[in-house]
Amino acid sequence: MVTKEQVEASLTSKLKPIHLEVTDISGGCGSSFEVEVVSEQFEGKRLLERHRMVNAALEEEMKEIHALSIKKAQTPQQWKPSQDSSSTTQAKDA
């Protein structure tokens, strides 16, 4: 069984993300995960290349994972604007 922590460790060691969110969407059995990854290593890469990098980083884990949903694979510059807008929304709600 693959754990959320294993997925996080592999992505962290290989992609050095500044933001990483891993969610086990399999109900705890470790077969399905959603990930959001923000890494400088994605700079200059197309979306398909970024997804391949994520899959390559999880090569061992993918032998046991049945489904991997990559929600975000962004550069820090792409991620920052979405962070700014969400903090603006939160300020309005407060």
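All figures in this text were calculated on a predicted structure; none of them were measured in a lab.

Caption draft 1: Spatial organisation of the pattern of salt bridges. Per the counting criterion, the structure on display carries 3 salt bridges. The partner of Glu34 in a salt bridge is Lys71, with the nearest N and O atoms 3.9 Å apart. Pair noted here: Glu34 is in strand S2 (residues 32-38) and Lys71 is in strand S3 (residues 67-74), with a separation of 37 residues, a long-range link. Of the residues examined, Glu34 reaches a relative accessible area of 25% and is grouped as partly exposed.

Caption draft 2: Representation of the environment of Ala57 in the model. Tracing the sequence through the fold places Ala57 in helix H2 (residues 47-57). For Ala57, a relative accessible area of 4% translates into the label buried. Residues Ala57 and Leu11, spaced 46 residues apart in sequence, show a C-alpha to C-alpha distance of 5.9 Å. Ignoring sequence-local partners within four residues, the contact set of Ala57 consists of Ser10, Leu11, Lys14 and Leu15.

Caption draft 3: Quick look at unusual backbone geometry. Not every positive phi belongs to a glycine, and Lys16 is a case in point at roughly 45°. Structurally, Lys16 can be placed in the loop between helix H1 (4-15) and strand S1 (19-24). Here Lys16 falls in the exposed class, since its relative accessible area comes to 54%.

Caption draft 4: Structural context of the nonpolar core. One finds Val7, Leu11, Leu15, Val35 and Val54 to be the most contacted residues of the largest nonpolar core, which totals 17 residues. The set of elements that each furnish at least two residues to this core consists of H1, S2, H2 and S3.

Caption draft 5: Spatial organisation of the pairing of S3. Both S2 and S3 contribute to a ladder of 7 bridges, which runs parallel. Bridging from a neighbouring strand, Glu34 pairs with Ser69 of S3. After leaving S2, the chain enters H2 and then returns to the sheet as S3, a path that is right-handed.

Caption draft 6: Representation of the confidence of the model for the protein in the model. With 87% of its residues at a pLDDT of 70 or more, the protein shows a mean pLDDT of 89. Confidence, read as mean pLDDT per element, is least for helix H3 (residues 76-93) in the protein (66) and greatest for H2 (98). Throughout residues 88-94 the model reports pLDDT below 50, and contacts reaching past four residues in sequence, or to other chains, amount to 0 contacts.

Caption draft 7: Highlighting H1. Across its 12 residues, H1 extends 16 Å between first and last C-alpha, which sits within 8% of the 16 Å expected from 1.5 Å per residue. All buried positions along H1 are accounted for by Val7, Ser10, Leu11 and Leu15. Seen along its axis, H1 keeps its buried residues to an arc of 95°; they face one direction. Buried-residue contacts for H1 involve S1, S2 and H2. Lys16 occupies a position one or two residues after H1 and carries a positive phi of about 45°.

Here is what the cut-offs are and how they apply
- Residues numbered from 1 in each chain as written.
- Predicted model: local features only at pLDDT ≥ 70, side-chain atom pairs only at ≥ 80, totals over all residues.
- Heavy atoms only, no water.
- Salt bridge = Lys/Arg side-chain N within 4 Å of Asp/Glu carboxyl O.
- Helix = DSSP H or I, 4+ residues; strand = E, 2+ residues; numbered from the N terminus.
- Buried < 20%, exposed > 50% of the residue type's maximum accessible area, 1.4 Å probe, protein only.
- Contact = heavy atoms within 4.5 Å.
- Core = buried A, V, L, I, M, F, W, Y, C linked by side-chain atoms within 4.5 Å.
- Pairing = 2+ DSSP bridges.
- Right-handed = clockwise from strand over helix to strand, strands pointing away.
- pLDDT = per-residue confidence, 0-100.
- Expected span 1.5 Å × (residues − 1).
- Arc of directions from axis to C-beta.

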